[in-house]
Amino acid sequence: MADKQSSGEILGIPYNFERPSLGRLLSSYWQPDKGMLVEKPFGIGYTLNLANWRSWVVLAVAGGLYYQQKQSVGTVSSDGSEEDAAEDGDGPVEVIVDDD
């Protein structure tokens, strides 16, 4: 029976299903001589290279957007409980049109 290949490329997208070691995990996320995206240590595709400053900008923007989204989902009333956005008037509106 033929051995299956555990790493390689399909249509230009890298894959690696070898069991990752701690050293390989750490070295794959910190590669100062590479660009912003590097091959994942396990799985399919690419991941961020934390040695590149552009990756930190992407993480900061994503974190800011996540924080902003969490702040806008629920509002806190005066008694400390969260209210849904539908109670604030942001819910669906029924429109009745009378044809005379």
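Up top is the structure.
In this report, we go over the structure that sits alongside the text. Counting restarts for each chain, with residues numbered from 1 along the sequence as it is written. In keeping with the model being predicted, local features are shown solely for residues with a pLDDT of at least 70 and side-chain atom pairs are shown and tallied solely at 80 or more, while totals for entire chains, interfaces and linings include all residues. Side-chain metrics in this entry use all non-hydrogen atoms of the structure; hydrogen atoms and water are not considered.

## Quick look at the packing of aromatic side chains
Condition: By convention, a stacked pair of Phe, Tyr or Trp rings (six-membered ring in the case of Trp) has centres within 6.5 Å and planes under 30 degrees apart, an edge-to-face pair has planes over 60 apart, and any other such pair is tilted. Classification of residues uses two cut-offs on accessible area relative to the type maximum, computed with a 1.4 Å probe and protein chains only: under 20% is buried, over 50% is exposed, and between them is partly exposed. Under the DSSP-based scheme used, a helix requires at least four consecutive residues in state H or I and a strand at least two consecutive residues in state E, with every element numbered from the N terminus.
The tally for this structure, following the rule as stated, stands at two aromatic pairs. Judged by centre distance (6.0 Å) and plane angle (35°), the ring pair of Tyr15 and Phe17 falls under tilted. Accessibility expressed as a relative area gives 16% for Tyr15, which makes it buried. Plain terms: the ring middles of Phe17 and Phe42 are 6.0 Å apart, the flat faces sit at 85° to each other, and that makes the pair edge-to-face. A residue pair is termed long-range when its members are at least 10 positions apart, and Phe17 in the loop between β2 (13-16) and α1 (22-29) and Phe42 in the loop between β3 (37-39) and β4 (43-44) qualify at 25 residues. Phe42 gets classed as partly exposed once you look at its relative accessible area, which sits at 43%. By way of ring pairs, the aromatic residues Tyr15, Phe17 and Phe42 are connected into one cluster.

## Digging into the side chain of Ser28
Test applied: Identification of polar contacts relies on pairs of N or O atoms within 3.5 Å, with a donor-acceptor requirement for protein atoms, meaning one able to donate a hydrogen and the other able to accept it, and with residues adjacent in sequence counted only if both atoms are side-chain atoms. We call two residues in contact when some of their heavy atoms are within 4.5 Å.
Its place among the elements puts Ser28 in helix α1. Accessibility expressed as a relative area gives 7% for Ser28, which makes it buried. At a separation of 2.9 Å, a polar atom in the side chain of Ser28 contacts the main-chain carbonyl oxygen of Leu25. If sequence neighbours within four positions are ignored, Ser28 has contacts with Val38, Glu39 and Pro41.

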